Amino acid sequence: MTEEKKFSHYDAINWNKVIDPIDKATWEKLTEQFWLDTRVPISNDLKDWRTLSSVEHKLYDHVFGGLTMLDTLQSQDGMASLLDAAVTPHERAVLNNIKFMESVHAKSYSSIFETLDSPAEIDEIFDWAGDDEFLQYKANKINSIYHDPDQLKRKIASVFLETFLFYSGFYTPLYFAGHNKMENVAEIIKLIIRDESVHGTYIGYKFQLAFRKLDSKAQEDLKSWAYDILYDLYSNEEKYTHELYDEIGWYDDVIVFLHYNGNKALMNLGLDALFPEGAEDVNPVVMNGISTSTANHDFFSQVGNGYRLGKVEDLSDDDYHVGPSKQKGLESDDNK
């Protein structure tokens with residue numbers, strides 16, 4: 001006869017007693033900007049899609065194939081590794097929200113593929129993503145860190161993925177949107193970027209809290225490790241960027257964009273910048289596109305990166321009362 005397992009008491013999460021106010025602020029920010037790809041009319045971009053060259057089609061498909069893989073990694077192994085190290089129930093709730101939205105991001109790319117590509121082309125995209133050596137290298141490198149017992153290294157890997165590695169793919173839709181092409185696809189990317197900005201900042205903040213508790217020797221060792229990993233990922237990212245962008249001639253511009261975002265990732269972790277470039281060095285068309293305050297649509301129309309839910313009011317008895325002037329109007333309508 002097996003012995004029955006006994007449990008201690010289980011505490012309910014109390015959002016009225018938050019240990020770290022950043023958890024509550026982040027939860028509110030993430031829920032406020034909730035979105036789904038089904039609200040963005042991707043098919044409105046079909047006219048633009050038909051005007052693009054085969055080289056541009058291939059670029060779009062492959063960068064989005066790569067982003068799908070990385071978002072899948074983040075929604076599965078990545079967030080599981082961070083949840084395992086959550087300190088408070090509120091932090092766990094925020095990470096659960098992030099985990100779900102990473103799945104929304106990954107699903108969004110499939111919606112784009114379904115709208116723009118044939119079934120055979122979609123199969124090619126996923127076959128390419130599964131076989132590409134540079135994409136596979138960074139996915140496996142990050143995933144190996146997600147299984148490292150050191151929870152601070154796992155946070156570093158997450159920030160490098162969300163604030164740095166995604167951006168070689170984001171460049172393409174931002175560039176085209178800046179030239180008034182594929183604007184609805186770009187709206188999805190801007191929504192994703194808006195989320196990733198919060199994710200990277202939040203996880204970087206949690207890293208900094210734990211990092212400050214280390215002694216000076218442990219801090220220096222971890223900083224050295226972080227820069228070594230970034231150098232390794234950057235070396236691979238150069239090759240990946242050559243592969244994606246040499247044919248279209250954008251390699252030099254994309255690398256500058258990656259330098260800028262590499263520094264942003266380090267900033268999120270509280271570490272010193274590595275690359276000399278700043279925002280002023282990035283293609284201004286792309287920098288303008290990276291801003292997530294350019295579109296604002298209400299919930300019942302086309303959804304953009306200024307996604308807003310309508311305000312709700314409770315109904316009262318007065319809402320059902322029809323006054324004389326209104327009644328007269330109704331009778332007039334009935335007689336038409």
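Only a predicted model underlies this, so the values are computations on that prediction, with no experimental measurement involved. (Residues numbered from 1 in each chain as written. Predicted model: local features only at pLDDT ≥ 70, side-chain atom pairs only at ≥ 80, totals over all residues. Heavy atoms only, no water.)

Draft legend 1. Spotlight on the nonpolar core. By size, the foremost hydrophobic cluster in this structure holds 90 residues, and its most contacted members are Phe-64, Tyr-109, Phe-160 and Phe-170. Ranked by residues supplied to this core, first place goes to helix H9 (residues 183-211) with 12 residues. Contacts of Phe-64, omitting those with residues within four sequence positions, involve Tyr-109, Ile-112, Phe-113, Pro-173, Val-185 and Ile-189. (Core = buried A, V, L, I, M, F, W, Y, C linked by side-chain atoms within 4.5 Å. Buried < 20%, exposed > 50% of the residue type's maximum accessible area, 1.4 Å probe, protein only. Helix = DSSP H or I, 4+ residues; strand = E, 2+ residues; numbered from the N terminus. Contact = heavy atoms within 4.5 Å.)

Draft legend 2. Molecular detail of the confidence of the model for the protein. Per-chain confidence: the protein averages 88 in pLDDT, with 85% of residues scoring 70 or above. In the model of the protein, helix H13 (residues 324-334) stands out as the element of lowest mean pLDDT, 44, in contrast to helix H10 (residues 216-245), which has the highest, 98. The model gives residues 294-315 a pLDDT under 50, and that stretch makes 47 contacts with residues more than four places away or in other chains. Considering only residues more than four positions removed or in separate chains, one finds that residues 322-336, a stretch of pLDDT under 50, has 2 contacts. (pLDDT = per-residue confidence, 0-100.)

Draft legend 3. Fine view of the packing of helix H8 (residues 167-178) against H9. Between H8 and H9, the least distance of the axes is 9 Å, while the angle of their chain directions is 140°. Classified by the angle between their axes, H8 and H9 sit oblique to one another. Helix-helix and strand crossings are classified by hand; for H8 and H9 the assignment is left-handed. Of the residues in H9, those touching H8 at Tyr-167, Phe-170, Pro-173, Leu-174 and Ala-177 are Glu-183, Ala-186, Ile-189, Lys-190, Ile-192 and Ile-193. (Axes fitted to C-alpha atoms, helices over the stretch in contact; angles between N-to-C directions. Parallel < 35°, antiparallel > 145°, perpendicular 65-115°, else oblique. Left-handed = near helix turned anticlockwise from the far one by under 90°.)

Draft legend 4. A look at a nonpolar patch on the surface. On the surface, a nonpolar cluster with roughly 240 Å² of combined accessible area is contributed by Phe-34, Leu-36 and Phe-100. Position of Phe-34 relative to the elements: it lies in the loop between helix H1 (21-32) and helix H2 (46-51). (Patch = residues over 30% accessible without salt bridge, like charges linked within 9 Å, V, L, I, M, F, W, Y side chains within 5 Å. Areas by Shrake-Rupley, 256 points an atom, 1.4 Å probe, with all protein chains shown as cover. Salt bridge = Lys/Arg side-chain N within 4 Å of Asp/Glu carboxyl O.)

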